[in-house]
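Here's the letter readout for the chains.
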Amino acid sequence: MDVNEHINKINQNALEIFHHLHRFPELSEEEKETADYICSVLSNHQIPFRRDIAGHGITAVVSGSETKCIGIRADIDALPVAEDSGLPYASERPGVMHACGHDMHTAILLGTGIVLKEMADAGELPGSVKLIFQPAEETIGGAHAMIDAGVLENPKVSAMLGLHVDPTCETGVITVKSGPMNAAVHDFFLQIQGRQTHGATPEDGVDPIVIAADIIMNLQNIASRLTSPLDSVVVTVGQVHSGTACNIIPDTAFIGGSVRALSSEMLEFVKKKTEDIAKSTASLYGASVEISWRGTAFPPLINSDRVSKLVEDAAADCPHIKTVRRLDKPSMGADDFAFFTEALPGAYFTLGCSEKNAQRYPLHSDKFVADENAVIVGIEAEVRSVLMLLSESFAL
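Small disclaimer: the values here were computed from a predicted structure and weren't measured.

Colleague: Quick question: what am I supposed to make of the overall build of the chain here?
Modeller: Helix and strand counts for the chain come out as 10 helices and 16 strands. Of the contacts formed within the chain by residues at least 6 apart in sequence, a portion of 81% connects residues at least 24 apart. Surface accessibility of the chain: about 16,700 Å² in total, with carbon and sulfur atoms responsible for 50%.

Colleague: What's the story with the packing of helix α8 (residues 305-315) against helix α10 (residues 374-390) in this structure? I'm lost.
Modeller: Packed helices, taken two at a time, are described by the angle their axes make and the gap between the axes. Two elements in contact, α8 and α10, have axes whose closest approach is 9 Å; the angle formed by their N-to-C orientations is 125°. As judged from the angle between their axes, α8 and α10 are oblique. Two packed elements cross with a definite hand, and for α8 against α10 that hand is right-handed. The segment α8 lies against α10, with V307, L310, V311, D313 and A314 engaging R384, S385, M388 and L389. For the contact of α8 with α10, the residue count by class is 6 nonpolar, 1 polar and 2 charged.

Colleague: Any chance you could explain the packing of aromatic side chains here in plain terms?
Modeller: Remark: the centre distance and the inter-plane angle together describe each pair of aromatic rings, the angle taken between the planes. Using the criterion set out here, one finds 6 aromatic pairs in the structure. Between F298 and F339, the ring centres sit 5.7 Å apart and the planes meet at 70°, which makes this aromatic pair edge-to-face. Linking F298 in the loop between β13 (288-293) and β14 (301-303) with F339 in helix α9 (residues 338-343), this pair joins segments that are 41 residues apart in sequence. Under the relative-accessibility criterion, F339 is labelled buried at 5%. With 5.0 Å between their ring centres and 20° between their planes, F337 and Y348 make a pair best called stacked. Here F337 is found in the loop between β15 (323-326) and α9, whereas its partner Y348 is found in strand β16 (residues 346-354), with 11 residues between them in sequence. Residues F337 and Y348 agree in their burial class; the two are buried. Here a set of aromatic residues connected by ring pairs shows up, and it is made of F337, F340 and Y348. The ring centre of W293 lies 5.0 Å from the NZ or CZ of K271, which sits over that ring.

Colleague: I keep staring at helix α5 (residues 208-219) and nothing clicks. Help me out?
Modeller: Residues separated by three or four positions in an α-helix point in the same direction, a consequence of the helix having 3.6 residues per turn. An ideal rise of 1.5 Å per residue puts 16 Å on 12 residues; α5 measures up with 16 Å between its terminal C-alpha atoms. Measuring from the backbone nitrogen of I209 back to the side-chain oxygen at the start of α5 gives 2.9 Å, which picks out D207 as the cap.

Colleague: For this particular structure, what's the right way to read the packing of helix α1 (residues 3-23) against helix α2 (residues 32-44)?
Modeller: At a minimum axis distance of 11 Å, the contact between α1 and α2 shows a crossing angle of 165°. One finds that α1 runs roughly antiparallel with respect to α2. Both α1 and α2 take part in a crossing whose hand is right-handed. Of α2, the residues touching α1 (which contributes E16, I17, H20 and L21) are T34, Y37 and V41. Partitioning the contact of α1 with α2 into residue classes produces 4 nonpolar, 2 polar and 1 charged.

Colleague: Would you explain the side chain of T34 in this entry?
Modeller: Take T34: it is sitting in helix α2. Looking at T34, the relative accessible area reads 3%, which means it is buried. Apart from the residues within four sequence positions on either side, T34 is in contact with L21, F24, E26 and I76.

Colleague: I tried to follow the pattern of salt bridges on my own but got confused; where do I start?
Modeller: It is possible for side chains bearing opposite charge to pair when their charged atoms get close. Counted by the stated rule, this structure contains 20 salt bridges. For the salt bridge of R93 with E33, the shortest nitrogen-to-oxygen distance reads 2.5 Å. Remark: E33 occurs in helix α2 and R93 occurs in the loop between β3 (69-75) and α3 (102-121); sequence separation between them is 60 residues. With relative accessibility at 24%, the residue R93 sits in the partly exposed group. The closest approach of N and O atoms between R73 and D335, which form a salt bridge, is 2.8 Å. With R73 in strand β3 and D335 in the loop between β15 and α9, this residue pair connects regions lying 262 residues apart in the sequence. Here R73 and D335 have matching classes, each one buried. Each of the salt bridges in this network shares a partner with another, and the network as a whole consists of K32, D36, R51 and D52.

What counts, and where the lines are drawn
Residues numbered from 1 in each chain as written. Predicted model: local features only at pLDDT ≥ 70, side-chain atom pairs only at ≥ 80, totals over all residues. Heavy atoms only, no water. Helix = DSSP H or I, 4+ residues; strand = E, 2+ residues; numbered from the N terminus. Contact = heavy atoms within 4.5 Å. Areas by Shrake-Rupley, 256 points an atom, 1.4 Å probe, with all protein chains shown as cover. Axes fitted to C-alpha atoms, helices over the stretch in contact; angles between N-to-C directions. Parallel < 35°, antiparallel > 145°, perpendicular 65-115°, else oblique. Left-handed = near helix turned anticlockwise from the far one by under 90°. Nonpolar A, V, L, I, M, F, W, Y, C, P; charged D, E, K, R; others polar. Phe/Tyr/Trp six-rings, centres within 6.5 Å; stacked < 30°, edge-to-face > 60°. Buried < 20%, exposed > 50% of the residue type's maximum accessible area, 1.4 Å probe, protein only. Lys NZ or Arg CZ within 6 Å of the ring centre and 35° of its normal. Expected span 1.5 Å × (residues − 1). Polar contact = N/O pair within 3.5 Å; in protein donor to acceptor, adjacent residues only side chain to side chain. Salt bridge = Lys/Arg side-chain N within 4 Å of Asp/Glu carboxyl O.

Take a look at the structure:
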């Protein structure tokens, strides 16, 4: 059977999987029912799997000939967003939504696995493929824990593929990028300890809100004055919490944010300056500050030139793909697929998911909609890329 026949045959099944996953999202580190459903699909298609890896992670292997093994990753977690998309298969879980497209990533990977299993059974798969269903991308970076748990071994993975939906592009558009694609990132949390007093007598207390404001403004000097304009650096404060009444200076203030850079070395420099500024600013006012960093820093996502070129070539041979674009500049966004590309050659590419004339809402929006017609495009791109990676003419 022709590859396209295999893909077209399972498209309706993949759409049903996508609709189910969208209706029943689960937050990071809570993806048990999602994992149960993924395992049921794998079982129905007689694809062997292991589950409960680094939380609710799953790996499944489609075995062909004993040559290379290629890995493909999909993230499975959702976001704490109340859906307002109007979809007939909208989330049935209040306050939880697949607003970042991970349901589509998972449906595509399951569809890819089904196609490859049919090809393997027919003796048409020149190698093995490991399907990696990863939890906790949105929080702790589940990729790091899965790698530590050995998902790149037994069989040993030679190269990795991953994709992410992109609502800024029309369905049928694939975007690839060689070299640096996403930034390194680490989230920080500051707790400023002041001293409570009445708003009428500020001299009797230490105002953590004023200190927080000063820290926030001083942190912007990292990008504007402490690093070169040629170095891409972002310091973002996204959370400020303090106080219970308008006429009371509180004891504490809380700041949450993130730092980003295009290299791990620059990220470490920015982290050090963030800590120095927070401590020195708090000390100036007679306060103290407790600094913490959440989980493990994500490294920069750096695609293999060779694997990226292969994805580009494979996409050009896909009937459902209209355009293959090259991304010229990296994004300061981040994704923990970077742990995979840090460990071995890989390519992370984006999948257009917007209907031609539809209103486009960004990722993480409560109105975000991924065009279901993008599912077959993603399956096509993954299957064709895997077959090229497994071909005898391509040496990693």
